[in-house]
Amino acid sequence: MYVYLYDNFLRHKNFVSTIRQMEIMLTDFGIAGKILRIQNYTDSKAIIEDEIKRGAKTVVVVGNDSTFGQVLSRSATCDCTFGFLPVGPNNTIAEVLGIPAGVDACTTLSRRRKEFLDIGWMNNRYFVSQLHVFPGKLEVIYDERFKVSANDKMEVVVCNLQPFFWKRDKNDKEQRIVHPQDGKLEAFLRPLTKKGWWGYNYEEPSIFPFEEMVIMAKEPFTVEADGKVSKEIKIKIKLAHGKVEMIVGRNRQF
């Protein structure tokens, strides 16, 4: 039994045609199912667990990065298989999973090519792809043994499923990639130094594999995990015990 969780933005007229075509194709594949619409305040975990009790085996998120993050950040450890039908802009996670946007995603879903993915954990919520702490005056403690700080600001990216792309500065034409590693989290730390009146320069980054990391600051800093943005003073990050079973595409980037 399939359950489809639709983001509320899909009601917009720009997406009506795409959604209609997708529903027709899902019916043709024999995998149409129950449709539930979710809001920003929806407790997706409670909904999914209730549907599992009713017999649901596959839960499909329909929307974009934000939708994916909203659902998986609370429900990644639910006992079901997850699918993803990306619709609209802001779908970088779908690219990593090898799922094409729009109607073609239905074909990927029907083939049920599955992988078990590592789950990151941060302050009582999960992330599957990547966690990004935007530049701030941060202090980082990893594995309760080492402390890292910068003279001024520092940026931190934790790669799980999704790689991180970066440049040395705005004029740098070469794009560099930090690839995640299986079975562990990788922290990408990049200090910034003040450049007179012209802002900041990024220094050469360092990469730390870790089991547990704490990031703290005196002032709130911005964190983005799977498209979900929040303000924090202190976060604890580690690899969760379980894994999420996800339907992926043949062209996945891992």
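Because the structure is a prediction, the values reported are computed rather than measured.

Caption draft 1: Representation of the packing of aromatic side chains. All chains considered together, the criterion is met by five aromatic pairs. Judged by centre distance (5.2 Å) and plane angle (80°), the ring pair of phenylalanine 9 and phenylalanine 15 falls under edge-to-face. Residue classification places phenylalanine 9 among the partly exposed positions, given a relative accessible area of 25%. Relative to phenylalanine 84, the ring of phenylalanine 68 lies with its centre 5.1 Å away and its plane at 55°, an arrangement referred to as tilted. Taken as a pair, phenylalanine 68 in helix 3 (residues 65-75) and phenylalanine 84 in strand 4 (residues 81-86) lie far apart in primary sequence, 16 residues in all. The buried category is assigned to phenylalanine 68, whose relative accessible area is 1%. By relative accessible area, phenylalanine 84 is classed as buried at 1%. Counting every residue linked through ring pairs, the aromatic cluster contains Tyr142, Phe146 and Phe208. In this structure, lysine 238 packs its charged tip against the face of tryptophan 121, placed 5.0 Å from the ring centre.

Caption draft 2: Layout of the nonpolar core. By size, the foremost hydrophobic cluster in this structure holds 49 residues, and its most contacted members are Tyr4, Val62, Leu72, Phe82, Leu85, Leu97 and Leu109. At five residues, the largest contribution of residues to this core is made by strand 1 (residues 2-7). Each of domain 1 (2-112) and domain 2 (125-240) gives at least three residues to this core. Setting aside its immediate chain neighbours within four residues, phenylalanine 82 contacts Ile48, Val59, Val71, Leu72, Ser75, Ala76, Val244, Glu245, Met246 and Ile247. Listed in part, the 24 residues of the second largest apolar core include Tyr142, Met154, Val156 and Ala225.

The rules we used
Residues numbered from 1 in each chain as written. Predicted model: local features only at pLDDT ≥ 70, side-chain atom pairs only at ≥ 80, totals over all residues. Heavy atoms only, no water. Phe/Tyr/Trp six-rings, centres within 6.5 Å; stacked < 30°, edge-to-face > 60°. Buried < 20%, exposed > 50% of the residue type's maximum accessible area, 1.4 Å probe, protein only. Helix = DSSP H or I, 4+ residues; strand = E, 2+ residues; numbered from the N terminus. Lys NZ or Arg CZ within 6 Å of the ring centre and 35° of its normal. Core = buried A, V, L, I, M, F, W, Y, C linked by side-chain atoms within 4.5 Å. Domains from an automatic or database assignment. Contact = heavy atoms within 4.5 Å.

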